[in-house]
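Chains, contacts and geometry: an overview
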2 protein chains.
Amino acid sequence: MISYKRYMSKDGDYVASIVAKYSLKFLEDRSIISFAGGLPDPATFPVDDLKRIAVEVIEKHGCDALQYMPSRGVSTYVRELVDFLYRARGIRVDADNVIVTTGSQQAIDIIARMYVDEGVYIAVEEPTYVAALNAFRARKPRFIGVPIDDFGMRTDALEDKLRRLRSEANRINLLYTVPTAQNPSGVTLSVDRRKHLIELANEFDFLIVEDDAYGLMIFDEGASPPPLFCMDRSGRVIYVGSLSKVLTPGMRLGHIVAPREVIESLEPFKQIADLHTPSITQHIAAVALRERIIERSMPRIRSVYRMKRDAMLRAIQEHIVETAWWTRPIGGMFIWIKLNTRVDTERLLPKAYSRGVIYVPGRGFYHNEDGFDTMRLNFTYPSIDQIEEGIERLSRVIMEELCR
Amino acid sequence: MISYKRYMSKDGDYVASIVAKYSLKFLEDRSIISFAGGLPDPATFPVDDLKRIAVEVIEKHGCDALQYMPSRGVSTYVRELVDFLYRARGIRVDADNVIVTTGSQQAIDIIARMYVDEGVYIAVEEPTYVAALNAFRARKPRFIGVPIDDFGMRTDALEDKLRRLRSEANRINLLYTVPTAQNPSGVTLSVDRRKHLIELANEFDFLIVEDDAYGLMIFDEGASPPPLFCMDRSGRVIYVGSLSKVLTPGMRLGHIVAPREVIESLEPFKQIADLHTPSITQHIAAVALRERIIERSMPRIRSVYRMKRDAMLRAIQEHIVETAWWTRPIGGMFIWIKLNTRVDTERLLPKAYSRGVIYVPGRGFYHNEDGFDTMRLNFTYPSIDQIEEGIERLSRVIMEELCR
């Protein structure tokens, strides 16, 4: 057999190594308690509604729902999405400002292909979403990391770094952020910092990619600030959204909302990427949005996840070492722990696994492989019993490691 | 407002201009006869079966069908696909040799990202599939064009070009071909040329990307040679397939079949591209394959398309100027006409449109914008009456242009 590595593009070789190293392994061994995945609780899926709608869609729109469609999206779905974005997130746009993507991952990937060149500076949170990081890595930019605290990205630290860059006659072209209930940390950017971030974008001339994957999954009434997209007046925010967390992830429906000119320029990359997102799922989602399935199911989803989050926070409070810092998310799917000890969470994982609990070591969420003592814990997928038992197991593994 | 062009990557700027220029515009004005699209006849979609299966899938596998899934594909679908590839195309592989993609467009895109670098030589047919060309263009390779005749790509011409390249100490890294019922030309590569092509791949050390989108849509019994993938012994062929033409395009189900090492290296790009292909459509297709829906519906699809192809060939024979060369496809969706006159088909299009008939000018299918006197005609979407009327209209427009 021939050696295929010889034929690889330089990008291909690089991406294969970096992504394989940092992709999330969903070890779904049923005997262990997994805080590792990023899965919604399937009990939250509106299965009966979707079944009924699927039949209706194939019956009424059979041919359209199964045929090739425009790259930007099925027009009835785009119309419903525009209405939904206004109702749910206060985003007021036209169909011209929207492109439907195959999950928000594709949105990030085509934005990276359009706006990131090799060697260009881009800024990301430390930590940030690993699959977005990988999409950006494929473009070989230079990363500027911005630390987080309980109020999200530290925009003061960002400002310092931007000034330093400017003094070297450099600038960032783009900043990627998950401002609300961030993956992996769960923190939410405060209103003041949102304003500051937009000011910085104007002063230092960069685009903001706002990944709002968790914007609808807020459990605490009134706790969520408006999207950056709504606060910005200069057209610097490219908004990325998704139905994965609030309808179902398996339908892979994401979207980009941006000024018309940006959408137009992204369309060719969407064509290259997959011509268009599957039409049948767009038709199903169009009906689901029209019937307000998400609005009707969200109260229950929120209350289920609120209980799980609270259970995990209580268990952490009770069991985890006092040196640790952890986040108290207002929504989303994750709690982030920084142990503030000499414990390496990557090295700890096999031990935790042998005791029947797993998590994602934090290092993969850092552009620079920092964060050796951090971990991401998912609270949406496990049951409350599993959460309590799992955190106790985890605390014992950590204590043993500290007492060695 | 700011000017977004300033933020574009060099690739982005390039791709936006080139793809916008050559993307297929599906002008779906109902009053005109369109030979322009590449759409299957929706009357061929197994609507009732898919409706029944969709219900069954959501009922039985609701949560799985709607949840996040592995990047390589839903395992039950991959298993059914492996069986189907053997039954339908004689391709004998394991699940390890398969990755599911969001349409075959995504397959081509991730292969391009993995195996094509800026400045690297790659070979394509002249003409070739425009959306593949665009995916390759995004990587900025140097194109080597290989002319076609009634028996497909002229491998003798390819050999000449490879020798010339070698004499300059150069080589191609990859060759992209649609060997069976090609888009856009409809021609099929003969068995002898298939053998020759594989010999050349070995002698001149390149990979072959075989796009078999139309391999199952052959109307003439026994006319179709085996896939290159099955003839190759050296592991040089990366096979790209799709259910778009034989089940439904709207489900966007494509796949790559290749040696395990190639699949492994492509997986990170699949993750970057969209994490995974929608799970619900994979579950539906798994049942459709298990129930042999495609095998059961293909005889009817083939006979419908055979009649349409024959009607178009008859009409062309009767009406189109005698200097023209046109193809006689054994399957697929397209007939290709080279007028062999001074008529520029791009300039002719507005006139044809005003007379109520449209087609795709051939130039977009050439890497070098050649083929000014060529056009692609689709025969699967229009009715037989429309085919006859449309070709007559087209011939009148051409005659008028010639007699000016």
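Procedures and definitions
- Residues numbered from 1 in each chain as written.
- Chains lettered and ligands numbered in written order.
- Predicted model: local features only at pLDDT ≥ 70, side-chain atom pairs only at ≥ 80, totals over all residues.
- Heavy atoms only, no water.
- Helix = DSSP H or I, 4+ residues; strand = E, 2+ residues; numbered from the N terminus.
- Buried < 20%, exposed > 50% of the residue type's maximum accessible area, 1.4 Å probe, protein only.
- Contact = heavy atoms within 4.5 Å.
- Areas by Shrake-Rupley, 256 points an atom, 1.4 Å probe, with all protein chains shown as cover.
- Lys, Arg positive; Asp, Glu negative; His and termini not counted.
- Charge placed at Lys NZ, Arg CZ, Asp CG, Glu CD.
- Buried area = accessible area lost by both parts, 1.4 Å probe.
- Salt bridge = Lys/Arg side-chain N within 4 Å of Asp/Glu carboxyl O.
- Nonpolar A, V, L, I, M, F, W, Y, C, P; charged D, E, K, R; others polar.
- Pairing = 2+ DSSP bridges.
- Least-squares fit on C-alpha atoms with pLDDT ≥ 70 in both.
- Expected span 1.5 Å × (residues − 1).
- Domains from an automatic or database assignment.
- Axes fitted to C-alpha atoms, helices over the stretch in contact; angles between N-to-C directions.

Quick look at the overall build of chain A now. Secondary structure summary: chain A contains 13 helices and 14 strands in total. In terms of its C-alpha atoms, chain A occupies a principal-axis envelope of roughly 65 × 60 × 55 Å. Burial analysis of chain A (404 residues in total) assigns 68% to the buried set. At a minimum sequence separation of 6, the contacts of chain A that also span at least 24 residues come to 76%. Of the accessible surface of chain A, which amounts to about 14,300 Å², a share of 49% is contributed by carbon and sulfur atoms. A distance of 2 Å separates the average location of the 54 positive side-chain charges in chain A from that of its 55 negative side-chain charges.

Moving on: the interface of chain B and chain A. Of the residues lining the interface, 82 residues belong to chain B; the matching set on chain A comes to 82 residues. Both sides of the chain B and chain A interface together cover about 6,700 Å² of buried area, and 64% of this is carbon and sulfur. When the area that chain B buries against chain A is broken down by residue, the three leading residues are B:Tyr4, B:Tyr7 and B:Tyr68, summing to 11%. Where chain B packs against chain A, one counts six salt bridges. The partner of B:Asp205 in a salt bridge is A:Arg6, and the shortest N-O contact between them spans 3.1 Å. Taken together, the elements giving at least two residues each to the side of chain B that touches chain A come down to α1 (10-22), α2 (47-66), α4 (103-115), α5 (130-137), α9 (260-274) and α10 (279-290) of chain B. No other element matches α2(B), which puts eleven residues into the side of chain B that touches chain A. Of the residues belonging to the side of chain B that touches chain A, the class tally is 42 nonpolar, 22 polar and 18 charged.

Residue and element names in this part refer to chain B. For strand β11 (residues 334-338), the buried fraction is high: four of the five residues fall into the buried class. Note: strand β10 (residues 325-326) against β11, two bridges, orientation antiparallel. Counted as the bridge partner of tryptophan 325 is lysine 338 from β11. Two strands pair when backbone bridges link them, and β11 and strand β14 (residues 374-378) are joined in this way by five bridges, in the antiparallel orientation. Bridge pairing in β14 places phenylalanine 334 opposite asparagine 378.

This brings us to the relation of the copies chain B and chain A. Superposing chain B onto chain A takes a rotation of 180° plus a shift of 0.0 Å along the axis, which leaves an RMSD of 0.0 Å. Given the turn and translation reported, the copies of this chain are related as if by a two-fold rotation axis. Taken together, the interface assignments show that 100% of the residues at the interface of chain B recur at the interface of chain A, consistent with an identical surface on both copies.

Turning our eyes to something else, we now look at unusual backbone geometry. At the junction of A:Asn183 and A:Pro184, the peptide bond is cis and its omega measures out at 15° in the coordinates. In this structure, A:Pro184 sits in the loop between β6 (172-177) and α7 (191-204). Cis geometry marks the peptide bond from B:Glu126 to B:Pro127; its omega dihedral reads 5°. Position of B:Pro127 relative to the elements: it lies in the loop between β3 (121-126) and α5. One non-glycine residue, A:Arg292, adopts positive backbone phi at about 60°. Positionally, A:Arg292 belongs in the loop between α10 (279-290) and α11 (293-319). Accessibility expressed as a relative area gives 41% for A:Arg292, which makes it partly exposed.

Okay, α4(B) next. In an α-helix, one full turn covers 3.6 residues, which means residues spaced three or four apart are oriented alike. Spanning 13 residues, α4(B) covers 19 Å between terminal C-alpha atoms, matching the ideal 18 Å at 1.5 Å per step. Most of α4(B) sits out of view: 13 of its 13 residues are buried.

What follows deals with the domain arrangement of chain A. Residues and elements named next belong to chain A. As assigned here, chain A comprises domain 1 (21-45 + 298-403) and domain 2 (48-294). Between domain 1 and domain 2, the C-alpha centre-to-centre distance is 25 Å. Facing 29 residues of domain 1, the contacting portion of domain 2 comprises 37 residues. Carbon and sulfur atoms make up 64% of the surface buried where domain 1 meets domain 2, a total of about 2,700 Å² over both sides. Area buried by domain 1 at its contact with domain 2 is led by Met298, Ile330 and His367, which between them contribute 28% of it.

Our next topic: the sheet that holds strand β7 (residues 207-211) of chain B. All names here are of chain B. With mixed pairing, the eight strands of this open sheet are ordered in space as β2-β9-β8-β7-β6-β3-β4-β5. The open sheet has two free edges, formed respectively by β2 (98-102) and β5 (152-153), since each of these has just one partner strand. Pairing geometry for strand β4 (residues 142-149) and β5, over two bridges, is antiparallel. Bridging across to β5, isoleucine 148 finds its partner in methionine 153. Helix-sheet contacts for helix α6 (residues 155-167) involve β3, β4, β5 and β6 (172-177), and the interaxial angle to β4 is about 155°. Most of the contacts of α9 go to β2, to which it runs at about 25°, and overall it touches β2, β8 (237-242) and β9 (253-257).

Residue and element names in this part refer to chain B. The strand order across the open sheet formed by four strands is β10-β11-β14-β13, and the pairing between neighbours is antiparallel. Two strands bound the open sheet, and with one partner strand each, they are β10 and β13 (360-361). Where β13 and β14 come together, two bridges link them in antiparallel fashion. In the strand pairing of β14, valine 360 is matched with arginine 376.

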